[in-house]
Amino acid sequence: MIKKIEFINWKSLANATLHIDPLTILIGANASGKSNVLDALLFLQRIASGISLTQALEGNASLPAIRGGLDWAALKGKVDFTLTVTLDEPDHNDLKVTVVASVINKYAFSVNGYPEDVAHSQLRNLFILDPIPSHMRGYSALSPSLSPDAANLAGVMAALPEAKQAELNQAIDTYLRHLPEQDLGSVRAEKVGHFGSDAMLYCEEVWGDGPPQLIDARNMSDGTLRFLAILVALLTRPAGSLLVIEEVDSGLHPSRADLLVRMLKEVGGSRGVDVLATTHNPALLDALGPGLFPCVTVAHRDPRTGHTQLTPLDQIDRLPKLLAMGSLGRLSTSGRLEKAVSGQEDD
């Protein structure tokens, strides 16, 4: 599993380190550098899969470019960057992977004395999930693995083996059923078409004492589809992998934030899948509770240089005093948390 990532001259991160826990929540104001962290993970996943430096950044006919492409990969004024990933490998203790890349020359990929295939395997298991509900509403072909936009969600669910399908049904009953205002009955994907090679999502809505109303994905809410995609990703990623989700609670009602946190923690923990998520939602921050405060990292810009810094929440000296003023969500909403880590907060 990935334990930490060190950034040198990557985009706005001149010198920063992100520690990865079983559940890691990355917060910060707009343009604080959160997306730059996720871009680095996507870049690492791509080059570990054998994609060239240029195509990993610029994209190609089948691969979208990383924001800014080659021109903005390195910190302004620099021509190279270094990304170092520390992996927790049972057979090798801590294993370090270092990627040194130049925007004008080729990159170097090195591992501290251990086989590269071990490192490549870990980095290839990085999965950046950005569920797009509009992409999930149609029919999709049966598939063994979820696409980054979850467009093939129905196809993945319908192709699950029987044991995994039972696990999914149990998780749906535990976490998804009470997500909407009304209770959901069954949520399933059914094979369709003459050859049964495609699938469609269906669910039953239960209102009062009336009979269940069957609807398909075209009429399911954005929040339900995104929540289901995250759940399926948690259940289908291999143990030891890292699942990355930007704006994890997008489309989710604030009253359901605690349900999402519980699902991420319990399902990810039981399957050995780590989760890194970003959020702006104060309700989700309040749903974390003090026990998960050490898992929160605040991205913020140094007011003198503009460089992104990553500060673990539990390393903020004034945190107890700040929390006496209000909850974590309230501190974030008011901007006091970001001011505190940037050294701008008044006593």
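So, how was this worked out
- Residues numbered from 1 in each chain as written.
- Predicted model: local features only at pLDDT ≥ 70, side-chain atom pairs only at ≥ 80, totals over all residues.
- Heavy atoms only, no water.
- Helix = DSSP H or I, 4+ residues; strand = E, 2+ residues; numbered from the N terminus.
- Rg over C-alpha atoms; globule rule 2.2 N^0.38 Å.
- Areas by Shrake-Rupley, 256 points an atom, 1.4 Å probe, with all protein chains shown as cover.
- Lys, Arg positive; Asp, Glu negative; His and termini not counted.
- Charge placed at Lys NZ, Arg CZ, Asp CG, Glu CD.
- Axes fitted to C-alpha atoms, helices over the stretch in contact; angles between N-to-C directions.
- Parallel < 35°, antiparallel > 145°, perpendicular 65-115°, else oblique.
- Left-handed = near helix turned anticlockwise from the far one by under 90°.
- Contact = heavy atoms within 4.5 Å.
- Nonpolar A, V, L, I, M, F, W, Y, C, P; charged D, E, K, R; others polar.
- 1 Å grid on protein atoms, 1.4 Å probe; cavity = no way out; pocket = protein on both sides within 12 Å on 5 of 7 lines; lining within 4 Å.
- Points joined across faces, edges and corners; volume = space filled by probe spheres on them.
- Salt bridge = Lys/Arg side-chain N within 4 Å of Asp/Glu carboxyl O.
- Polar contact = N/O pair within 3.5 Å; in protein donor to acceptor, adjacent residues only side chain to side chain.
- Phe/Tyr/Trp six-rings, centres within 6.5 Å; stacked < 30°, edge-to-face > 60°.
- Buried < 20%, exposed > 50% of the residue type's maximum accessible area, 1.4 Å probe, protein only.

Participant: Explain the overall build of the chain here, please?
Facilitator: From N to C terminus, the chain includes 11 helices and 15 strands. A compact globule built from 347 residues should have a C-alpha radius of gyration of about 20 Å, and the chain, at 21 Å, falls within 12% of that. In terms of its C-alpha atoms, the chain occupies a principal-axis envelope of roughly 60 × 50 × 40 Å. Total accessible area on the chain is roughly 15,600 Å²; 50% of this is exposed by carbon and sulfur atoms. Across the chain, the 30 positively charged side chains and the 40 negatively charged ones have centroids separated by 5 Å.

Participant: Honestly, the packing of helix H6 (residues 222-236) against helix H7 (residues 257-271) in this entry has me stumped. Any pointers?
Facilitator: The relative placement of two packed helices comes down to the angle between their axes together with the axis-to-axis distance. Remark: H6 packs on H7, axes separated minimally by 9 Å, with the N-to-C direction vectors making an angle of 15 degrees. As the angle between them shows, H6 and H7 are arranged roughly parallel. The interaxial crossing formed by H6 with H7 has right-handed handedness. Each of Phe 227, Ile 230, Leu 231, Leu 234, Leu 235 and Thr 236 in H6 lies in contact with H7, whose residues at this interface are Leu 259, Leu 260, Met 263, Leu 264, Val 267, Gly 268 and Arg 271. Along the lines of polarity and charge, the residues of the contact of H6 with H7 split into 10 nonpolar, two polar and one charged.

Participant: Mind showing me how you'd approach the layout of surface pockets here?
Facilitator: With a probe scaled to a water molecule rolled over the atoms, the places where space remains empty come into view. Of the voids in this model, the largest pocket is the one considered here, and its volume is about 590 Å³. Around the largest pocket, the lining is made up of 26 residues, and of these Leu 42, Arg 46, Ile 128, Asp 130 and Pro 148 lie nearest the centre. Mapped onto the lining of the largest pocket, the elements with two or more residues apiece are helix H1 (34-48), strand E7 (127-129) and strand E12 (242-245). Ranked by residue count, the leading element in the lining of the largest pocket is H1, at six residues.

Participant: Looking at this structure, how should I read the pattern of salt bridges?
Facilitator: Pairing of side chains with opposite charge becomes possible as their charged atoms draw close. Scanning the model with the defined rule gives 10 salt bridges in all. Across the pair Asp 216 and Arg 218 runs a salt bridge whose closest N-O atoms are separated by 2.5 Å. Linked by salt bridges that have partners in common, Lys 11, Asp 39 and Arg 67 make up one network.

Participant: What is the right way to read the environment of His 300 from this model?
Facilitator: Take His 300: it is sitting in strand E14 (residues 296-301). Along the backbone, His 300 and Gly 28 are 272 residues apart, and their C-alpha atoms lie at a distance of 6.0 Å. Sequence-distant contacts of His 300, that is, excluding residues within four places in its chain, are made with Ser 32, His 307, Thr 308, Gln 309, Thr 311, Val 341 and Ser 342. Within polar-contact distance, the side chain of His 300 engages the side chain of Thr 311 at 2.7 Å.

Participant: For this particular structure, what's the right way to read the environment of Ile 27?
Facilitator: Inspection of the secondary structure assignment puts Ile 27 in strand E3 (residues 23-27). Excluding residues within four positions of it along the chain, Ile 27 makes contact with Lys 34, Thr 279, Leu 285, Val 296, Thr 297, Val 298, Ala 299 and Leu 337.

Participant: It is not clear to me how the packing of aromatic side chains should be interpreted in this structure. Could you clarify?
Facilitator: Two numbers describe a pair of aromatic rings. These are the distance of the centres and the angle of the planes. Applying the stated criterion across every chain yields a total of three aromatic pairs. Relative to Phe 81, the ring of Trp 10 lies with its centre 4.9 Å away and its plane at 75 degrees, an arrangement referred to as edge-to-face. Of the two residues, Trp 10 sits in strand E1 (residues 2-10) while Phe 81 sits in strand E4 (residues 80-89), which places them 71 residues apart along the sequence. Since its relative accessible area comes to 2%, Phe 81 is described here as buried. Taken together, the aromatic side chains of Trp 10, Phe 43 and Phe 81 make up a single cluster linked through ring pairs.

Participant: So what exactly am I meant to see when it comes to the packing of helix H5 (residues 162-176) against H6 here?
Facilitator: Axis separation between H5 and H6 bottoms out at 11 Å; the angle between their running directions is 135 degrees. Between H5 and H6, the crossing angle belongs to the class labelled oblique. In this structure, H5 meets H6 at a crossing whose hand is right-handed. Counted together, Lys 164, Glu 167, Leu 168, Ala 171, Ile 172, Tyr 175 and Leu 176 of H5 and Thr 224, Phe 227, Leu 228, Leu 231, Val 232 and Leu 235 of H6 form the full contact between these two elements.

Participant: Which parts of the structure should I look at to understand empty space enclosed by the protein?
Facilitator: For the structure shown, the criterion picks out one cavity of 30 Å³ or more. Each pocket or cavity is described by its volume, and for the largest cavity that value is around 40 Å³. Top contributing element to the lining of the largest cavity by residue count: H6, with four residues. In terms of residue class, the lining of the largest cavity is made up of five nonpolar, two polar and two charged.

Participant: Would you explain unusual backbone geometry in this entry?
Facilitator: In the Ramachandran plot, Lys 11 falls in the positive-phi region, its phi being about 50 degrees despite a non-glycine side chain. Taking relative accessible area as the criterion, Lys 11 reaches 8% and is therefore assigned buried. One non-glycine residue, Ala 31, lies in positive phi territory at about 65 degrees. With respect to the helices and strands, the residue Ala 31 is situated in the loop between E3 and H1. When its relative accessible area of 64% is taken as the criterion, Ala 31 is described as exposed.

Participant: Got a minute to help me understand the side chain of Glu 205 in this structure?
Facilitator: Residue position: Glu 205 is located in strand E10 (residues 198-206). Buried within the structure, Glu 205 lacks any salt-bridge partner; its nearest side chain of opposite charge belongs to Arg 137, at an N-O separation of 10 Å. Ignoring any residue separated from it by four or fewer positions in sequence, one finds Glu 205 in contact with Gln 182, Asp 183, Leu 184, Pro 211, Pro 212, Gln 213 and Ile 215.

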